[in-house]
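Per-entry structural report
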Amino acid sequence: PFEDIMAVVVGRAITEDEELSGPWIEYRRTGDRTFLQKACGYGQKIPDTKLGAYYYSLVYQKQHYDVLLEVIARNGATFPLSKRCVMVDFGAGPGTAALAWADYVFHSTHALPALSYVHVDQQSAMAPLCEALFAADKNLGDEFCWSSYRNTPTDAADAQRWVANADYAI
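Below or above, wherever it landed, is the structure these notes cover. (Residues numbered from 1 in each chain as written. Predicted model: local features only at pLDDT ≥ 70, side-chain atom pairs only at ≥ 80, totals over all residues. Heavy atoms only, no water.)

**Looking at the sheet that holds strand β2 (residues 115–120)**
Within a sheet, adjacent strands bond to each other through the backbone by hydrogen bonds, running parallel or antiparallel. Formally: Pairing between strands requires that DSSP locate at least two bridges from one strand to the other. Helical segments are the DSSP runs of H or I of at least four residues, strand segments are the runs of E of at least two, and each set is numbered from the N terminus. When checking whether two residues touch, look at their non-hydrogen atoms; a contact exists if any pair is within 4.5 Å. Here the axes come from fitting lines to C-alpha atoms, over the contacting stretch only for helices, and the angles between their N-to-C directions go from 0 to 180 degrees.
If you walk across this open sheet you meet the 4 strands as β3-β2-β1-β4, and the pairing is parallel. Both edges of this open sheet fall to β3 (144–149) and β4 (168–169), since each of them pairs with a single strand only. Two elements, β2 and β3, share 6 bridges in a ladder whose sense is parallel. If you follow V118 over to β3, its bridge partner there is S147. Sheet strands in contact with helix α6 (residues 126–136) are β2 and β3, and its direction is about 170° off that of β3. Across the face of the sheet, helix α7 (residues 156–163) comes into contact with β1 (85–90), β2 and β3 while running at roughly 155° to β3.

Okay, here's the thing in C-alpha cells:
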C-alpha cells in the first residue's frame, strides 16, 4: 500500500539522512507541523532541493493521493484498464498520479498496469524522489515505463515514443 511506500522511501530518508532530518527533529521536539510545512514552502513555493521534495511528499502527497484515487474510482470504469495507458502529468511532483493509477488498476484487475508515464515538473529534485517511489511500488512492473522532463518537451519524437503502443491517454 501507499503508506508502506512512503514509510520505506520518505520516512526512512527523513529519519536517517542527516541532510533531511532537521525539520523532522524539530517537529518531534515541539509537535509543531509548521516545521514540516515550512521545509517544503507550504506546498506553494517548494524549494528545488531534496529537502523540499521529501517534505512536500511527507506533508501533502497522501492527501493528493487519496483525492486522485477517489476521482479515478469515479471515472475508472470508462477506461480499458487491461490496455496500455499513456499518462502525461504536468506539475507531477513525486509521481502521485502514477502511483494512484497503478493502485487503482491493480486492485480493479489484479494485474499490474501497462502504463507509460510522462513526468513533467519544473523541480529537478522531484524526479529522483519519483524514481525511488516507483522502485518501491509493487504495483508497477515490467509494463511500466516513464520519462521525466523539467519543462514540456517540444520534440515530436518524444511524443511519438510516449504514445507508442498506447491504447488510450489520461
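**Here's the deal with the pattern of salt bridges**
To keep it simple, the criterion reads: By salt bridge we mean one thing: a side-chain nitrogen of Lys or Arg within 4 Å of a carboxyl oxygen of Asp or Glu. Each residue is assigned to one of three classes by its accessible area relative to the maximum for its type, calculated with a 1.4 Å probe on protein chains only: buried under 20%, partly exposed between the two thresholds, exposed over 50%.
Using the criterion set out here, one finds 8 salt bridges in the structure. Across the salt bridge formed by R74 and E70, the nearest N and O atoms sit 3.0 Å from each other. Residue R74 and its partner E70 are both found in helix α4 (residues 50–75); the two are separated by 4 residues, about one turn of the helix. Residue class for E70 comes out partly exposed when judged on its relative accessible area of 47%. Ionic pairing is found between E143 and R84, a salt bridge with its closest N-O pair at 3.0 Å. Of this pair, E143 sits in the loop between α6 and β3 while R84 sits in the loop between α4 and β1, and the two are 59 residues apart along the sequence. Looking at E143, the relative accessible area reads 44%, which means it is partly exposed. In the salt-bridge network here, residues are joined through shared partners; they are E3, K62 and D66.

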